[in-house]
Amino acid sequence: MADPDAAEGTKMVSRIAIVRGVPDSFCDALSMTPPPQPVDLERARLQHAVYVDVLKDLVQEVIELPADNKYPDCPFIEDTAVVIGNRALITHPGAASRQGEEEAIREALKQLRIHISEVEPPGLIDGGDVLYASGMLFAGNSSRTNVAGIESLQKAFPDVRVHTIRVGEGLHLKSAISSISPKILAVEDSPAAIAMFDEIQQKTDGHFKMVKTLGPGAANTVLVGDAVICSATLGLGSLKLEAHYKQHARHVIPVDISEFHKVDGGLTCLSLLIER
Ligand code: GLY
C-alpha cells in the first residue's frame, strides 16, 4: 500500500483557512477553571489579527467569518467541523452553549462545494477532539465527544480508519496532542497525555514519534505544510519552544494567544484548515 506521508510530500495542495472573529461576549467563553486574570477583549482581538496574518502567509486564502455575540466561544471554529479534502462532518458541539455555532460554518463549507455530513443523534463531537495524522483519524472520547459522535465521524469518512482515544484529563484530545509533522506528534508532558499517546501507538503499531512539551497547552500546534505555528505563551516560552520544534519542522512560528488560553483555547481551535 502506498505511504500516505510520502504522497503528501509530492502532491500540490491547495489550502484555505476559515477563521471567525472575536465577539463582544468573548469574556464569557467557557473555561474549566476561572482564569487568574480576566480576558482582555482588545488584546484578544489583536492576537487574533496576528494569528490571521500568519495564516495568510501560509495558505492561499483565509475566509474570515463574522463573530456572533450569541456565541462567546465562536472564535474556536475548529470545534464546529472536521474537514478532510472535499468532505466535512458538521459537528454537534458537546457544550450546550456552543450548539448553533456550526450553522455559519455549514454555509461557508457549502460555498466551497464541500460534501457535508451531519452528526446523528445522540452524537456529540467537538473538532478539538479529532486529530488527523498520517491518513488516520484519532477521536478523543471526552466530556465533549461521545461514542455516537465518533460513530458519525466514521460514517462521514468511511475510507479513513477512526481510532477512539480516551481523554482522561483536560478539555480535548488536541489540547494535549497535535501533529508537528506527518509522523511526529507534540505531546504534553503529563501522565494523561502520555497515556493517550501510548494508546495511539498501541492502535497504530508504534507509527508515531513523540516530542514532549512542557506545560498544559504547549503541545497544541498548527501544522500547515512544513510550518508549525506554536504558542509563544506557554510551556517553554517562545524562544525555547521554537528551538525545541525547529529540530523537527522547517518553519516554526510562535504566536502569542494568551487571552485565548485563559478560556481553554489553543492554536488549532482558532482555524479550520482545508487542504485539497
Ligand atoms: N472555551 C472553549 C471551549 O470550552 O470549548
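Nothing here was measured: the structure is a model prediction, and the numbers come from that model.

Parameters and conventions
- Residues numbered from 1 in each chain as written.
- Predicted model: local features only at pLDDT ≥ 70, side-chain atom pairs only at ≥ 80, totals over all residues.
- Heavy atoms only, no water.
- Pairing = 2+ DSSP bridges.
- Helix = DSSP H or I, 4+ residues; strand = E, 2+ residues; numbered from the N terminus.
- Axes fitted to C-alpha atoms, helices over the stretch in contact; angles between N-to-C directions.
- Contact = heavy atoms within 4.5 Å.
- Phe/Tyr/Trp six-rings, centres within 6.5 Å; stacked < 30°, edge-to-face > 60°.
- Buried < 20%, exposed > 50% of the residue type's maximum accessible area, 1.4 Å probe, protein only.
- Right-handed = clockwise from strand over helix to strand, strands pointing away.
- Core = buried A, V, L, I, M, F, W, Y, C linked by side-chain atoms within 4.5 Å.
- UniProt positions renumbered as here; feature names shortened; annotations may be inferred.
- 1 Å grid on protein atoms, 1.4 Å probe; cavity = no way out; pocket = protein on both sides within 12 Å on 5 of 7 lines; lining within 4 Å.
- Polar contact = N/O pair within 3.5 Å; in protein donor to acceptor, adjacent residues only side chain to side chain.

(A) Quick peek at the sheet that holds strand β9 (residues 177–181). With respect to topology, three strands assemble into an open sheet ordered β9-β10-β11, the strand pairing being mixed. Only two strands of the sheet have a single neighbouring strand rather than two, namely β9 and β11 (209–213). With direction set aside, neighbouring strand axes in the sheet form an average angle of 35°. Lying on the sheet, helix α6 (residues 191–203) is in contact with β9, β10 (184–188) and β11; it crosses β10 at an angle near 150°.

(B) Local environment of the packing of aromatic side chains. Tallied over the full model, the rule gives four aromatic pairs. An angle of 55° between the planes, with centres 5.9 Å apart, marks the rings of F26 and F76 as tilted. Of this pair, F26 sits in the loop between β1 (15–20) and α2 (41–58) while F76 is found in the loop between β2 (61–65) and β3 (81–84), placing the two residues 50 residues apart along the sequence. In this structure, F26 and F76 share a single accessibility class: buried. Pairing F138 with F208 gives two aromatic rings, centres 5.8 Å apart and planes at 75°, and the pair type is edge-to-face. With a gap of 70 residues between them, F138 in strand β7 (residues 136–141) and F208 in the loop between α6 and β11 connect regions that are remote in the sequence. For the pair F138 and F208, one class covers both residues: buried. Through pairs of rings, three or more aromatic residues link up here, namely F26, F76 and F260.

(C) Examining the pairing of β7 more closely. The buried fraction of β7 is high, at five of six residues. Sheet topology note: the strand β6 (residues 130–133)/β7 ladder contains four bridges and is antiparallel. By the bridge assignment, Y132 is partnered in β7 with L137. As paired strands, β7 and strand β8 (residues 162–166) are joined by five bridges and run parallel to one another. Looking at the pairing, A139 lines up with T164 of β8. Handedness of the crossover joining β7 and β8 through helix α4 (residues 147–156) is recorded here as right-handed.

(D) Focus on the nonpolar core. Ranked by internal contacts, the top residues of the largest apolar core, which has 25 residues, are F26 and F260. Broken down by secondary-structure element, the contributors of at least two residues to this core are β1, α2 and β12 (222–224). Broken down by element, this core gets its largest block of residues, six residues, from α2. Once residues within four sequence positions are removed from consideration, F260 is found in contact with V22, F26, A44, Q47, H48, P75, F76, G265 and L270. Counting 17 residues, the second largest nonpolar core, distinct from the first, contains L173, L185, M196 and I200.

(E) The UniProt feature "active site" (unreviewed entry) in the protein, seen in detail. Here the UniProt feature "active site" (unreviewed entry) sits at H172 and C269. The greatest C-alpha distance among the annotated residues, which extend across 98 residues, is 10.2 Å, indicating that they converge on a single site. Lining the second largest pocket, from the residues just named, are H172 and C269. Note that H172 resides in the loop between β8 and α5 (173–176). At 2.8 Å, the side chain of H172 forms a polar contact with the side chain of D126.

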